[in-house]
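# Breakdown of the fold
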Number of protein chains: 2
Amino acid sequence: MKDEIVSAIRSAETALLLLHDNPDGDTIGSGLALYAILSRMGKRAILCCNDPIPKTYRFLPGWDQIRKPAPERARHDLAIFIDCSDPDRAPQCLESLAPHGKVLNIDHHGTNTAYGDINWVDPRAAAVGQMIFHLIAALDMTPTPDEALCLYASIVSDTGSFRFDNTTPEAHEIAAALLRTGMDAGLVRERLFENRERGDIRLLALALRTMEITRDGSIAVMSVTRDIWEEARAEDQAMEGLVNYARSIAGVKIALLLREVEDNKVKVGFRARGNYDVGALAAQFGGGGHPGAAGALLEGPLAEVKARVMEAAGSLLGCSDTSLVSLWDSTLEE
Amino acid sequence: MKDEIVSAIRSAETALLLLHDNPDGDTIGSGLALYAILSRMGKRAILCCNDPIPKTYRFLPGWDQIRKPAPERARHDLAIFIDCSDPDRAPQCLESLAPHGKVLNIDHHGTNTAYGDINWVDPRAAAVGQMIFHLIAALDMTPTPDEALCLYASIVSDTGSFRFDNTTPEAHEIAAALLRTGMDAGLVRERLFENRERGDIRLLALALRTMEITRDGSIAVMSVTRDIWEEARAEDQAMEGLVNYARSIAGVKIALLLREVEDNKVKVGFRARGNYDVGALAAQFGGGGHPGAAGALLEGPLAEVKARVMEAAGSLLGCSDTSLVSLWDSTLEE
């Protein structure tokens, strides 16, 4: 498989690299590293993303060269999708592929639809950055410290700094090799973990204050009403990871985060631990996701949506009393 | 150096392993792994700690065999101090050393006072667990999955899951080797990161609500009054890491956490980023620590202590306006 990729890259003169919409650290870091490699190989490469790069990642070397797709640009020999399980994750620009052009699909999602002319999908890879690391070696090149920094950022992002279940021995080994290039690891840590917006802190404080829990401690729920959202003066990215505070409480099996996005529209984030499938739970409400993490958009007032979701979550867990108590309630046993 | 350690361990029939007071993940994980190794080598070993093992670590294999020191116990050939920069970190039990007995000092603090008969101090090691990993190899043994789990927990604890500046390539390489034993990494992650007490969440919410910041954004302060502490119904370990929320705000150079421990007694935690030395700042108030992290205990009402510390912090930063504004203040620019 990799021979085919190496020769497709070697023979292309021009390449279009595509990041997925709503880009995260993995697609950005992987894309930037590969873009730098292609440039060093003398290719004319363009790196595109439909959406703006989140502030958090605006330190990765080359981030300001990521462009909005523009179909009128010169046609390319190769279109490389990075971290896209589906071409609709980056719905753009295939019209700018030359008639002889090929689609190369580099991804690590088990659900990848194999939409490329060449498909390289490795679900065991913690991050696509890990695959790009191998690709660079297969191209007989060595990552520069800047390229290593992009790849380290991609692995750190997708493993939650080596905390998620996808953290393999190989992820650690590649991290070690990247650090050995002399890259600026402090910069990655500083920007990814120590760079909260003021609105993030406000939202966290306000959302934690809403924490409710069942008497048996198995379900915890946070609610972000529109009032809270306004008081927090936060940006959308502040919502990321918030539900994990509910999931992290000892004894919690299912965590929910309800966000009132509009009047009578509530976005629900589901998280589970153990063997409970919240993907199936979200599907009951027209949503979807993985067994451990899923989401759905429900109609109705927040209180009503909460009651509906709690009933379903309770029946999944076999929890008979799904009434919720504030975490601040003094009658709550610890 | 290691030859001397290996032969001291090989020739000892009995050994006393000493964890430091107020034990953390590194001393506990390293101690348990070495204890297991000594036991497998047929030694009579005892593992001691003056203080109880925090709940968080009560999943590490063998944790329930850690005992309070009891000087009347049989005398030992070897006393091994683990992660103790000073013998006063574990003020106990040396009276139970046999007359021929030796003190082995295994540590990674640069400030270690070399108090042992044999001193093995490696300040480049992210955690003592990393040193024990090498020691096990030098003893021609291979860690079992349970021993690997203890060592992984020690490295994860002392590097903040590979987020702190002490995270070296070697820390990642050893982590990879430990994971390759087939150890239960999910258990470590679950217990160290996803096991918050309810009081932790309450304290976090209440403490974040007190966040204040200077107009120039360089100093952020959190205050835990006695009222807040009572409302939170938290345990002391909930304070750990709290100040990092202040430090993590974009632009903050010095972060302070004030905790009213008694009437007119305020414990101040200092954190810095960049090249500001809060160790020197804390020393002005009779405290101490490292350039990046320090603490002091001050007398006076909280508001007064805050004013004194803010003046000193402002003068360190050259910040002329040290008046504080609540993070919720609507006149605060983002």
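Residues numbered from 1 in each chain as written. Chains lettered and ligands numbered in written order. Predicted model: local features only at pLDDT ≥ 70, side-chain atom pairs only at ≥ 80, totals over all residues. Heavy atoms only, no water.

### Brief notes about the overall build of chain A
A count of helical and extended segments in chain A gives 11 helices and 12 strands. For 334 residues, the compact-globule formula gives about 20 Å, and the C-alpha radius of gyration of chain A, at 22 Å, lands near that figure. Seen through its C-alpha atoms, chain A measures out along the principal axes to roughly 70 × 40 × 35 Å. For chain A, with 334 residues in total, the buried portion stands at 57%. Contacts in chain A between residues far apart in sequence, at least 24 positions, make up 64% of those at least 6 positions apart. If you sum the accessible surface of chain A, you get close to 13,600 Å²; carbon and sulfur atoms cover 47% of it. Charge separation in chain A, taken as the distance between the mean sites of 34 positive and 48 negative side-chain charges, equals 3 Å. (Helix = DSSP H or I, 4+ residues; strand = E, 2+ residues; numbered from the N terminus. Rg over C-alpha atoms; globule rule 2.2 N^0.38 Å. Buried < 20%, exposed > 50% of the residue type's maximum accessible area, 1.4 Å probe, protein only. Contact = heavy atoms within 4.5 Å. Areas by Shrake-Rupley, 256 points an atom, 1.4 Å probe, with all protein chains shown as cover. Lys, Arg positive; Asp, Glu negative; His and termini not counted. Charge placed at Lys NZ, Arg CZ, Asp CG, Glu CD.)

### Quick word on the packing of helix α4 (residues 145-158) of chain B against helix α6 (residues 185-193) of chain B
All names here are of chain B. Put simply, α4 and α6 touch, their axes get as near as 10 Å, and they point 40° apart. Classified by the angle between their axes, α4 and α6 sit oblique to one another. Considering the relative orientation of α4 and α6, their crossing is right-handed. Residue-level contacts link Leu 149, Tyr 152, Ala 153, Val 156 and Ser 157 of α4 to Leu 187, Val 188, Arg 189, Leu 192 and Phe 193 of α6. When grouped by side-chain class, the residues that make up the contact of α4 with α6 number eight nonpolar, one polar and one charged. (Axes fitted to C-alpha atoms, helices over the stretch in contact; angles between N-to-C directions. Parallel < 35°, antiparallel > 145°, perpendicular 65-115°, else oblique. Left-handed = near helix turned anticlockwise from the far one by under 90°. Nonpolar A, V, L, I, M, F, W, Y, C, P; charged D, E, K, R; others polar.)

### Overview of the environment of Leu187(A)
Residues and elements named next belong to chain A. Take Leu 187: it is sitting in helix α6 (residues 185-193). For the pair Leu 187 and Leu 149, spaced 38 residues apart in the sequence, the C-alpha separation amounts to 8.8 Å. Leave out the neighbours within four places in its chain, and Leu 187 touches Phe 59 and Leu 149.

### So, the pattern of salt bridges
Throughout the structure, instances matching the rule amount to 26 salt bridges over all chains. Ionic pairing is found between Glu194(B) and Arg247(A), a salt bridge with its closest N-O pair at 2.5 Å. Of this pair, Glu194(B) sits in the loop between α6 and α7 (198-209) while Arg247(A) is found in helix α9 (residues 243-247), placing the two residues in two different chains. On the basis of relative accessible area, Arg247(A) is assigned to the buried category, the value being 16%. Each of Lys55(A), Glu197(A) and Glu235(A) takes part in one network of salt bridges that share partners. (Salt bridge = Lys/Arg side-chain N within 4 Å of Asp/Glu carboxyl O.)

### A word on the sheet that holds strand β3 (residues 76-82) of chain A
Residue and element names in this part refer to chain A. Read across the open sheet, the five strands follow the order β2-β1-β3-β4-β5; overall the sheet is parallel. A strand with exactly one partner marks an edge of an open sheet, and here the two such strands are β2 (44-48) and β5 (118-121). On average, each strand axis in the sheet is inclined to that of its neighbour by 20°, with strand direction left out of account. The pairing of strand β4 (residues 97-107) with β5 spans four bridges and is classified as parallel. Within β5, the position partnered with Leu 104 by the bridge is Ile 118. Contacting β3, β4 and β5, helix α1 (residues 2-11) runs over the sheet at an angle of about 125° to β5. Packing against the sheet, helix α3 (residues 128-138) makes contact with β3, β4 and β5, and its axis sits at approximately 115° to β4. (Pairing = 2+ DSSP bridges.)

### Looking at the interface of chain B and chain A
Taken together, the contact between chain B and chain A spans 52 residues of the former and 52 residues of the latter. Interface area for chain B against chain A, summed over the two sides, is near 4,800 Å², with a carbon-plus-sulfur share of 51%. Summed over the shared surface of chain B and chain A, the number is 10 salt bridges. A salt bridge links Glu173(B) to Arg180(A); its shortest N-O distance comes to 2.8 Å. For the interface between chain B and chain A, the tally reads 27 residue pairs in polar contact (both at pLDDT 80 or more). It is α7(B) that contributes the most residues to the side of chain B that touches chain A, nine residues altogether. Residues of the side of chain B that touches chain A, tallied by class, amount to 21 nonpolar, 12 polar and 19 charged. (Buried area = accessible area lost by both parts, 1.4 Å probe. Polar contact = N/O pair within 3.5 Å; in protein donor to acceptor, adjacent residues only side chain to side chain.)

### Some points on the environment of Val224(B)
Considering the arrangement of structural elements, one finds Val224(B) in strand β7 (residues 219-224). Separated by 187 residues in the primary sequence, Val224(B) and Ile37(B) have C-alpha atoms spaced 43 Å apart.

### Some remarks on the relation of the copies chain B and chain A
With an axial shift of 0.0 Å and an RMSD of 0.0 Å, the rotation relating chain B to chain A amounts to 180°. Within this description, the copies of the chain are treated as partners about a two-fold rotation axis. Take the interface residues of chain B: 100% of them recur as interface residues in chain A, which is what a same-surface contact looks like. (Least-squares fit on C-alpha atoms with pLDDT ≥ 70 in both.)

### Considering the pairing of β7(B)
All names here are of chain B. The element β7 is largely enclosed, with a buried count of six among its six residues. Examined bridge by bridge, strand β6 (residues 212-214) and β7 share two bridges and lie antiparallel to one another. Following the sheet pairing, Ile 213 is matched in β7 by Ala 220. Linking β6 to β7, which pair antiparallel, is a turn of four residues; within it Gly 217 sits at a positive phi near 75°.

### Some thoughts on the nonpolar core
Counting 120 residues, the largest nonpolar core has Leu17(A), Ile106(A), Leu135(A), Leu17(B), Ile106(B) and Leu135(B) as its most contacted members. Counting 60 residues, the second largest nonpolar core, distinct from the first, contains Ala220(A), Leu206(B), Ile213(B) and Val224(B). (Core = buried A, V, L, I, M, F, W, Y, C linked by side-chain atoms within 4.5 Å.)

### Overview of the domain arrangement of chain A
Taken domain by domain, chain A holds domain 1 (2-193) and domain 2 (198-326). One C-alpha centre belongs to domain 1 of chain A, the other to domain 2 of chain A; they are set 32 Å apart. (Domains from an automatic or database assignment.)

### Let's talk about the packing of aromatic side chains
Per the stated rule, a full pass over the model turns up five aromatic pairs over all chains. For the pair Tyr152(A) and Phe162(A), a centre-to-centre distance of 6.5 Å together with 50° between the ring planes defines the contact as tilted. On the criterion of sequence distance, the pair formed by Tyr152(A) in helix α4 (residues 145-158) and Phe162(A) in the loop between α4 and α5 (169-179) is long-range, its members being 10 residues apart. In this structure Tyr152(A) comes out as buried when scored by relative accessible area, which is 1%. Three or more aromatic residues joined by ring pairs make a cluster, and in this case those are Tyr152(A), Phe162(A), Tyr152(B) and Phe162(B). Sitting over the ring of Phe193(B), Arg163(A) keeps its end group 3.9 Å from the ring centre. (Phe/Tyr/Trp six-rings, centres within 6.5 Å; stacked < 30°, edge-to-face > 60°. Lys NZ or Arg CZ within 6 Å of the ring centre and 35° of its normal.)

### So, the sheet that holds strand β11 (residues 293-299) of chain A
All names here are of chain A. Sheet architecture is open: seven strands sit in the order β10-β11-β9-β8-β7-β6-β12, paired in mixed fashion. Either end of the sheet is taken by a strand with one partner, and the two such strands are β10 (288-289) and β12 (324-326). Note that strand β6 (residues 212-214) and β12 share three bridges and pair antiparallel. Its bridge partner lying in β12, Ile 213 is registered against Val 325.

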